[in-house]
Amino acid sequence: MNNPYTIFVFFILLAIGSRAQAQSLPMQAATHFNQFQEAVGHKKLDSASYYANQLALENTDLLNFLLHDTFAHSFNTAANLLADTTFARQLLRKLYTGNQALQRSIYPLYQWQEIRASLNDSLKLNRLVAGFLVAQERTDETIGNRLDRYALLIYRTLKSNPKSAVLADTLFAHTYRRLEHAVNGFYYPQTDDRNQRSGRAYFRYLMAYANLVKANERLSQQNPTQAESYLQLASQFSPDDTDRMAHVAYFHEASFLQNGREDFHEDYARFLLDKGDTTQAVNVLTELTLADPGNLPLLKTYYQKIRFSSMPFQTYWTKKLNEKLKPAEPFRLTDLTNQVFNYETLRGKWILIDFWGTWCQPCVEELPRFQTFYSDLQKNGLSNVVVFTAASHDTEVRVREFMKKHGYTFPVIMADDAFIKQFRVGEYPTKVLITPQGNRMKIPPGTNWAERVTILSQN
């Protein structure tokens, strides 16, 4: 029987872009990951420190996830106002005395907490910030130990104390240059490489947030001209579809920096509306809605309220959506019940394809919801949406047995390598939606795909 904790770690590593490493992950690393969590839960200081030191020698990616995307939330008081940080602070100090690999990983979190506790000690504060700046100089722009996340958290801490404003601005300027270099250099191009896509998503989100910070500062200083420039950049670097495919790369940054908020288009749009620049405001709201169709009512309200165009809203939205997408290539497929799915005869409808496999645990976990979605379509007689699934890297015998065992009735075609390649599927599950105009989009993992399909197909 599979160990559920090991499976959990496996999918964490897939999410952070270490597929090959996950597949050969030593059992001891998975064990030490979970033993650390258990020790923290029982407030066993020495045990937690021991397991972290062991993990530092075994798997740095998993260590960084453990420290910065789980343990660090102990100090995220904005998200958990009732958190008792006493044990977490004790453990943090002990971890910082660990082996060299552990010290390197824990460093920015430790510095953030030291600076938080030293705001009234100017000499110590200067020394700590100087050390952090040196660490930035010596570290390339990588996700790693989330150095730039903590730089922005430290900036916010320093800015809360007027006496440390100069230190804060020095740190921010240095961090902003790093973010500029990252988003305009190595991480900027759209790519199918998992690690590079994660880096792109991470640094673009931090860049968007940094510009929002400066915009709000300029607004408080009654400087709307500079504020507008920063708001435009915050909107520009907000997560796009490529970034949302690597949502986990900035999920925790959003939690620490913005209480979970993930894009900044609306800040810019509302500024433009207040300014009277309705054309650009609708353009920005359109981008916001293309990123998240749940904002369609908001876009429609402003579009009609300001009489943006003589073009009916439905026509405008359909045009904008399809301009963003690429054409879907033709296909003709037969499912396990000999039902034919011919792209040419399906044109004019929304087509949802779910790529999955019996071997893929996240895929299997989603299938009950997919069955419900399919059954509701059948029951409600919605003829403008067609759905089928594509069993990938699987055998027909295994898939037939699986469908019979679970009582699923949704259509299944056996996807060959050519069909998988046709829709650029590199990870599972992947859902592809084709518009009635014949253009395709991937629905980013982690989004409410059923809601997205429903909203798009009804507007």
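Everything below is about the structure shown above.
What counts, and at which threshold
Residues numbered from 1 in each chain as written. Predicted model: local features only at pLDDT ≥ 70, side-chain atom pairs only at ≥ 80, totals over all residues. Heavy atoms only, no water. Salt bridge = Lys/Arg side-chain N within 4 Å of Asp/Glu carboxyl O. Helix = DSSP H or I, 4+ residues; strand = E, 2+ residues; numbered from the N terminus. Buried < 20%, exposed > 50% of the residue type's maximum accessible area, 1.4 Å probe, protein only. Pairing = 2+ DSSP bridges. Contact = heavy atoms within 4.5 Å. Phe/Tyr/Trp six-rings, centres within 6.5 Å; stacked < 30°, edge-to-face > 60°.

Draft legend 1. Structural view of the pattern of salt bridges. As enumerated under the stated definition, the model contains 24 salt bridges in all. The salt bridge partner of Glu-323 is Lys-319, with a shortest N-O separation of 2.6 Å. Residue Glu-323 and its partner Lys-319 are both found in helix 18 (residues 313-324); the two are separated by four residues, about one turn of the helix. Judged by relative accessible area, Glu-323 falls into the partly exposed class, the value being 48%.

Draft legend 2. Up close: the pairing of strand 7 (residues 430-434). Judged by how many residues are buried, strand 7 sits mostly within the fold: five of five residues are covered. Where strand 4 (residues 350-356) lies against strand 7, five bridges are found, and the strand directions are antiparallel. If you follow Ile-351 over to strand 7, its bridge partner there is Ile-434. Looking at chain direction, strand 7 and strand 8 (residues 439-443) are connected through four bridges and run antiparallel.

Draft legend 3. Region of interest: the environment of Val-284. Counting through the fold element by element, Val-284 comes out in helix 16 (residues 278-291). Separated by 81 residues in sequence, Val-284 and Glu-365 have C-alpha atoms that sit 36 Å apart. Beyond its immediate stretch of four places on either side in the chain, Val-284 contacts Ser-235, His-265, Tyr-268, Ala-269 and Leu-272.

Draft legend 4. Representation of the packing of aromatic side chains. Applying the stated rule across the entire model yields 32 aromatic pairs. Each ring, one from Phe-373 and one from Trp-449, has its centre 5.2 Å from the other, and the planes form 70 degrees; the classification is edge-to-face. Of this pair, Phe-373 sits in helix 20 (residues 361-380) while Trp-449 sits in helix 23 (residues 449-457), and the two are 76 residues apart along the sequence. For Trp-449, a relative accessible area of 2% gives the class buried.

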